[in-house]
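Architecture and fold: a report
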Amino acid sequence: MWKKGVINRMRKGKWNGSYYKKNFILILFIASIPGLITGLLIYWFAVAAVEDELRSLHVEQINQRAKNLDEQFKYIEYSITRWAMEPRFSESLRNMDFVKEFSETYDISKTLLRLQGTHPLIKEVELYIDREKSILFNSEYNVLSNKEISEYRKILDGKNLKWDLTGDNQTTLSLVQTLPAGSKNSFGSIIVKLNKEKALDLLNTLIPYGEGASFLLNQEKQLILSSTSKDDKNFESALLNEVEKNKNLKSSFQFKYDQTIYSVSVGNLTRVDSPWMYVSAAPMSTITAPLVIVSRTILIISAIALLLAFIMSWLASRKIYSPISKLITKLSGENAQHTFVKYKPLGKDEFVFIEEQWEELSKHSQSLQTRISEQIMEINKSFIFQLVQGYFSHYKEADLKKRMIHYGWKVEGQSFLAIDVQLSGLFTNEDQFSTKDESLVTFLASNIMDELAKEMFEEYHVIMIADLSAGLLISYPSEQTIKEEVVIFANKVTDAINQIIKMRVTVTISEPTNQIKKIHTLFEHMEKWKRLRIFENKNQIIDLEKLESICDIETFIYPFALEKEIIQAIRMGQKHDIRSLINQFIEELSKNGSTEINIQQGVRQLYSSIQHEILHSGIHPHELFNGKDMYEELSQIYSMEKIVDWFLYQVIQPFSDRLEGRMNMELKRIIENVIIIIQENYMKDISLDSCAEEVGTSPYSLSKAFKQIVGINFIDYLTQLRIEKAKDLLIHSNMKINEIAESVGYRHSYFNRIFKKQIGIPPSQYRKINQENEYIPIERDGV
């Protein structure tokens, strides 16, 4: 009964199978612990980061509101200065009889009332006239008493424009502007008195949470305005003392008072007479109040998540264990209960039994599979070799498909591609292999191909061919394109054979086919075309798909434009540009004709042009190069980098050194400036005379020097530049021909004549020919 109960509890997911216990604990850990840890980390780190961000935002908010406060005061300063410049407040007021001039007196009172309403902070605007019987204008006209006169005369002392505390007990903040503005001999002043309640409302914006304190102090640290939510007189003095201590440290700091931490922001407001200081203090608790709710929410959610994780883990572990119980029953058959009880006392879990049963079955299966695979592999090798040699050319396609399926190949919806690897020319390997070891070298290359093909292709077969050659047949789905992988494979094979066997490699890639009967044709084509090598001493990749399109291009395109730029750079001595230009020249040759003979013809033509330039300069090449046969020397160079270095150091450098000794550097600088002027202003009405005047020389001297250094005269150079710009716009833009003519500096009718004279055809015909026949040369793959 006990054993039966154990089995029943095991099948119901109870706590008896050791795997079940481990599974439950693991799921519980995965489901709950990371979430709990994440919640704690969010609480400790994210909340702290948000708190710092809130503090930073608070400081930024105070700074912005302080700027607004500053703008309000600046507006009042600007307004009173503007008012003082009005004709109504001129010198005429000094001696005016305000009783007789009653209408003027009335207008002044109306003007002051109007000015009073220009800003909400302004409570009252007064006009004080200082004389024997001093007069004060506000809403009415008043003659002042002696006591009042002394108070207003104190205000006149000092600066022309200043802020001051006026009124009873000096509690009203006022802005005083003496009249006339900017004069030392003032006869009165305009006094703007601020509305204290509204000024305090504006100051309260520096404590946005409604708790804390804010102050304005002048340069003498005199309190101008203050607002605080605390009924504690000591708080104000303690805060100002703390500000004084930190005035040279930073603009914001924390201040603790009466067990409360305040965030204090301090800054300056630039006034016309002297700077003011603002101070804002807000309790940290009001700034970070939202975080309290967030942190509590995070903890509650984490606790709920932990409880849900426990419940879900228990349910998931029961669900996971159900198929394991069924599997044990299947493997053990009728003795399932006995088997489970037998293994439990040994400390083994359910998977020990499953593993042992599976290993026993696997041994038998592997033994049979090995025997079958060995036999099929040998038959498959023989079949593929005969297929490649063309022995099955008389077979029907359907019969070949059946045989390939029988040998384990996928044929439906599959395409086939072949690769030939030909080894040639030992580098430094004469002591390791001899001519009698060709089969050994081929075998080694085949093994290299097999190891690399395992990593890249799902279905393939390596074929050993005589004459240091090995082949690879690849099968792949027809809807896929594997050309990129094949090229990568070819490069890897090349590198491996170079390093291990020390031989050169020519890799030929066939065109794909989806017919099994044409597989032997792929190998025949590769055998024919793999002898088409670009450089004898280089590794190569020949792609037969691209070979046909390349062979169709019979025209050799020589980069004449780059040749002109190289010759021009040599003339101007622009050594830093020559290497880049020659590199571009070689790249253009490689694009348009990548065979060795084409590149050699191109670089020989470039040398011939440079030699012509040398002769044109009055220097004989035989003397310059010490009698060396430069054509023969150039023909022996196969490396692109060495060709560039040869041009730079064997041809151009000696010529430049000889030429620089003869050339007037100042003249060269002038011509460079003229060329810059031409290139920047070719579209304008530019002439030899205007350029000569701009560089400070005569037209005759400039014309002679330009011809000597550039090689052509001024007008020909300008014409060539304009025509080249026009050609580019004709091909690569949709501009009208008359617009192109104007953009390069010609009238439409003259542009047609000069273009046809230079190019041989009208602009419209040139655009049509070049836009229709423009093509991109196809590069040939190779290493």
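Before any of the text, the structure's been laid out above.
Residues numbered from 1 in each chain as written. Predicted model: local features only at pLDDT ≥ 70, side-chain atom pairs only at ≥ 80, totals over all residues. Heavy atoms only, no water.

1. A short note on the packing of helix 23 (residues 688–695) against helix 24 (residues 699–710)
- Packing of helix 23 against helix 24 brings their axes to within 9 Å, and their N-to-C directions diverge by 100°. The orientation of helix 23 with respect to helix 24, classified from their angle, is roughly perpendicular. Packed against helix 23, whose contacting residues are Leu688, Asp689, Cys691 and Ala692, the element helix 24 presents Pro699, Leu702 and Ser703 at the interface.
- Along the lines of polarity and charge, the residues of the contact of helix 23 with helix 24 split into 5 nonpolar, 1 polar and 1 charged. (Axes fitted to C-alpha atoms, helices over the stretch in contact; angles between N-to-C directions. Helix = DSSP H or I, 4+ residues; strand = E, 2+ residues; numbered from the N terminus. Parallel < 35°, antiparallel > 145°, perpendicular 65-115°, else oblique. Contact = heavy atoms within 4.5 Å. Nonpolar A, V, L, I, M, F, W, Y, C, P; charged D, E, K, R; others polar.)

2. Some thoughts on the nonpolar core
- Ranked by internal contacts, the top residues of the largest apolar core, which has 42 residues, are Leu93, Leu127, Leu173, Val192 and Leu216.
- Once residues within four sequence positions are removed from consideration, valine 192 is found in contact with Ile76, Ile80, Trp83, Ile122, Glu124, Val125, Leu173, Ser174 and Leu175.
- One finds Val674, Leu718, Ala741 and Tyr746 within the second-largest nonpolar core, a separate group that totals 33 residues. (Core = buried A, V, L, I, M, F, W, Y, C linked by side-chain atoms within 4.5 Å. Buried < 20%, exposed > 50% of the residue type's maximum accessible area, 1.4 Å probe, protein only.)

3. Here's the deal with the pairing of strand 4 (residues 161–166)
- Most of strand 4 is tucked away, with 5 of its 6 residues classed as buried.
- Bridge count for strand 4 against strand 5 (residues 172–179) is 6 bridges, and the pairing is antiparallel. Looking at the pairing, leucine 165 lines up with leucine 173 of strand 5. (Pairing = 2+ DSSP bridges.)

4. Some thoughts on the pattern of salt bridges
- Within this structure, the stated rule accounts for 10 salt bridges.
- Between lysine 454 and glutamate 451 there is a salt bridge; the shortest N-O distance is 3.7 Å. Residue lysine 454 and its partner glutamate 451 are located together in helix 12 (residues 438–456), separated by 3 residues, close to a single helical turn.
- A relative accessible area of 51% places lysine 454 in the exposed class.
- Given a relative accessible area of 47%, glutamate 451 falls into the partly exposed group.
- Taken together, the shared-partner salt bridges in this structure form one network comprising Asp70, Lys74 and Arg271. (Salt bridge = Lys/Arg side-chain N within 4 Å of Asp/Glu carboxyl O.)

5. Describing unusual backbone geometry
- Each neighbour pair has its own omega, and for leucine 179 with proline 180 the value is -5°, a cis peptide bond.
- Counting through the fold element by element, proline 180 comes out in the loop between strand 5 and strand 6 (188–194).
- Its identity as a non-glycine residue notwithstanding, lysine 502 has a phi of 60°, on the positive side.
- Inspection of the secondary structure puts lysine 502 in the loop between helix 13 (483–500) and strand 15 (503–509).
- Phi at asparagine 626 takes a positive value of approximately 60°, unusual for a residue other than glycine.
- With respect to the helices, strands and loops of the structure, asparagine 626 is situated in the loop between helix 19 (621–624) and helix 20 (630–635).
- A relative accessible area of 70% places asparagine 626 in the exposed class.

6. A closer look at the sheet that holds strand 11 (residues 276–283)
- Ordered in space as 8-7-11-10-9, the 5 strands form an open sheet in which the pairing is antiparallel. Two strands bound the open sheet, and with one partner strand each, they are strand 8 (223–228) and strand 9 (252–257). Along the sheet, successive strands turn relative to each other by an average axial angle of 20°, direction set aside.
- With 5 bridges connecting them, strand 7 (residues 213–217) and strand 8 associate as antiparallel partners. Each residue of the ladder has a partner; that of leucine 216, found in strand 8, is leucine 225.
- Contacting strand 7 and strand 8, helix 5 (residues 196–203) runs over the sheet at an angle of about 65° to strand 8.
- The strands that helix 6 (residues 233–245) touches are strand 7, strand 8, strand 9, strand 10 (260–269) and strand 11; relative to strand 9, the one it contacts most, it runs at about 140°.

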